[in-house]
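# Examination of the molecular architecture
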Amino acid sequence: MQGSFTLGIVGVGKIARDQHLPAIAANPGFQLVASASRNAQVDNVRNYHDIDALLAGEPELDAVSLCAPPQVRYAQARAALMAGKHVMLEKPPGASVSEVEALRDLAREHKRTLFATWHSRCASAVEPARAWLAGRTVRAVHVRWKEDVRRWHPGQQWIWEPGGLGVFDPGINALSIVTRILPREVLLRGATLHVPSDCATPIAAELDCIDTGGAPVRAEFDWRHGPVEQWEIDVETADGLLSISEGGKRLAIDGKPVALEGEREYAALYERFHWLIAHETDDVDVRPLRLVADAFLVGKHVQVEPFGQ
Ligand code: NAP
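Being a predicted model, the structure only gives us computed values, none of them experimental.

As a further point, take the side chain of Q76. Positionally, Q76 belongs in helix α3 (residues 73–82). Of the residues examined, Q76 reaches a relative accessible area of 14% and is grouped as buried. The contacts of Q76, once residues within four sequence positions are left out, are V10, I51, L66 and A68.

Written out as structure tokens, the structure reads:
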């Protein structure tokens, strides 16, 4: 590890408290010195109301980690990059593909690290699955990513507003895994988006994709599911069936479980952020977000009953 970087965290809500703060505390490569949040404070650091106040008050800060919803990601990331900070983005990296690409260019122009994280790619099953699939012939892929929105997003209004992604907020996790493990690129051919009459974003979606070899890649996302979550990806190959379940915690080949390392998604993200800063490089892969954007572009919108928050 080459040195320690000072860090500020922005948007102290559910994911910041559940995952980021413990992961940062356990990583000697980062020293959390500040936070910016309108309604929350972090113990033992300097607290600011918003990112502009944080940037003004912390001229020596090395990096920020942005954990607010995607609709404000671009403005926050741009301000941080312009102030000379390295920036880590929660997923999704933005509310649109074009703003993420603009951030990548800005980071390169300012010679700062931009890390667009995809935490599900650090799930234990993902790299073993990628290794097993490398060089194999994929025949079909089936993704089922279903959960109860009221359990996983209680009271969150931003998910139903434009840019909030709706069911693609969890669904993009599956797409981040699929685009990592498959040997070929995935392209979207059609989609159906089920949008509650009182919401701007879908509560369920089906995506029909193919890989560049022509294998069908079908994804079903549903927020009206429960009580047990279904976060599964099946990949049929010429050599057998690879199955990821529990969001990437489990892997099986032809039904036989594969032994995996323990879960450490956010620990791995902060290790990678440190490595990227130390090596003066970036990591911005927009492919999962582009598939979601394509689904909004070509998808058939079907109005369904109001969500009734
Ligand atoms: P959240 O708790 O609703 O939001 C995080 C915090 O962002 C809020 O507490 C709020 O803090 C701040 N914020 C909200 N709206 C804002 C606005 N318009 N301007 C500035 N700050 C705003 O959401 P979350 O569940 O933590 O999710 C945040 C991001 O993490 C999302 O992109 C999500 O996809 C991702 N994520 C979430 C989970 C999860 O399990 N929840 C898992 C992985 C990734 P203040 O009011 O104090 O400013």
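Next up on the list: the site of the ligand. Every one of the 23 residues lining the ligand counts as a neighbour, but S37, R38, N39, K91 and D169 are closest to it. At a separation of 2.9 Å, an oxygen atom of the ligand approaches a polar side-chain atom of R73. Within the backbone of K91, one N or O atom sits 2.8 Å away from an oxygen atom of the ligand. If the ligand stood free it would expose 870 Å²; the protein chains cover 80% of that surface. Of all the cavities here, the one that holds the ligand is the largest pocket. The residue inventory of the shell around the ligand, partitioned by class, reads eleven nonpolar, six polar and six charged. Mapped onto the domain boundaries, the shell around the ligand takes at least three residues apiece from domain 1 (5–116) and domain 2 (123–261 + 293–304).

What follows deals with the environment of S120. Residue position: S120 is located in the loop between β6 (114–116) and α5 (126–133). Separated by 29 residues in sequence, S120 and K91 place their C-alpha atoms 9.6 Å apart. For S120, the contacting residues outside a window of four places in its chain are V126, N173, S176, I177 and E265.

For E99, the position within the fold is in helix α4 (residues 97–109). No salt bridge forms around the buried E99; measuring N to O, its nearest opposite-charge neighbour R73 is 7.4 Å away. Sequence-distant contacts of E99, that is, excluding residues within four places in its chain, are made with P70, Y74 and G94.

Counting buried positions over the eight residues of strand β11 (residues 230–237) gives six, a clear majority of the element. Bridge count between strand β7 (residues 138–146) and β11: eight bridges; the pairing is antiparallel. The residue bridging V138 from the neighbouring strand is T237, located in β11. Here five bridges tie β11 to strand β12 (residues 240–245), and the two strands are oriented antiparallel to one another. Each residue of the ladder has a partner; that of T237, found in β12, is G240. Between β11 and β12, which pair antiparallel and follow one another directly, the connecting turn spans two residues.

This part is about the domain arrangement of the protein. Domain boundaries in the protein define domain 1 (5–116) and domain 2 (123–261 + 293–304). Distance between the C-alpha centres of domain 1 and domain 2: 27 Å. In this complex, domain 1 contributes eight residues to the contact, which on the side of domain 2 involves eleven residues. Counting across the domain 1 and domain 2 interface gives one salt bridge. Among the salt bridges present, the one from D169 reaches K91, with a minimum N-O distance of 3.4 Å. One can count three residue pairs in polar contact (both at pLDDT 80 or more) joining domain 1 with domain 2. Here the side of domain 1 that touches domain 2 is composed, by residue class, of five nonpolar, one polar and two charged.

By size, the foremost hydrophobic cluster in this structure holds 78 residues, and its most contacted members are L182, L207 and F221. Ranked by the residues each element gives to this core, the list is headed by helix α7 (residues 168–181), at seven residues. No fewer than three residues from each of domain 1 (5–116) and domain 2 (123–261 + 293–304) sit in this core. Those residues in contact with F221 that lie beyond four places of it in its chain are V143, W145, V167, F168, G171, A174, L175, A204, A205 and L207. Residues L7, F30, V42 and L269 belong to the second largest nonpolar core, which totals 22 residues.

So, about the sheet that holds β7. Strand-to-strand pairing in sheets goes through backbone hydrogen bonds, with the strands running parallel or antiparallel. Within the open sheet, the nine strands sit side by side as β14-β13-β12-β11-β7-β10-β9-β8-β15. Their pairing is mixed. Two strands bound the open sheet, and with one partner strand each, they are β14 (256–257) and β15 (300–304). In the sheet, strand β9 (residues 204–211) pairs with strand β10 (residues 216–222) via seven bridges, with the strands oriented antiparallel. Bridged to L207 within β10 is A219. In the packing of α7 onto the sheet, contacts are made with β7, β8 (186–196), β9, β10, β11 and β12, and the angle to β7 comes to roughly 155°.

Cut-offs and rules
Residues numbered from 1 in each chain as written. Predicted model: local features only at pLDDT ≥ 70, side-chain atom pairs only at ≥ 80, totals over all residues. Heavy atoms only, no water. Helix = DSSP H or I, 4+ residues; strand = E, 2+ residues; numbered from the N terminus. Buried < 20%, exposed > 50% of the residue type's maximum accessible area, 1.4 Å probe, protein only. Contact = heavy atoms within 4.5 Å. Near = heavy atom within 4 Å. Polar contact = N/O pair within 3.5 Å; in protein donor to acceptor, adjacent residues only side chain to side chain. Areas by Shrake-Rupley, 256 points an atom, 1.4 Å probe, with all protein chains shown as cover. 1 Å grid on protein atoms, 1.4 Å probe; cavity = no way out; pocket = protein on both sides within 12 Å on 5 of 7 lines; lining within 4 Å. Sits in = over half its atoms within 2 Å of the grid points. Nonpolar A, V, L, I, M, F, W, Y, C, P; charged D, E, K, R; others polar. Domains from an automatic or database assignment. Lys, Arg positive; Asp, Glu negative; His and termini not counted. Salt bridge = Lys/Arg side-chain N within 4 Å of Asp/Glu carboxyl O. Pairing = 2+ DSSP bridges. Core = buried A, V, L, I, M, F, W, Y, C linked by side-chain atoms within 4.5 Å. Axes fitted to C-alpha atoms, helices over the stretch in contact; angles between N-to-C directions.

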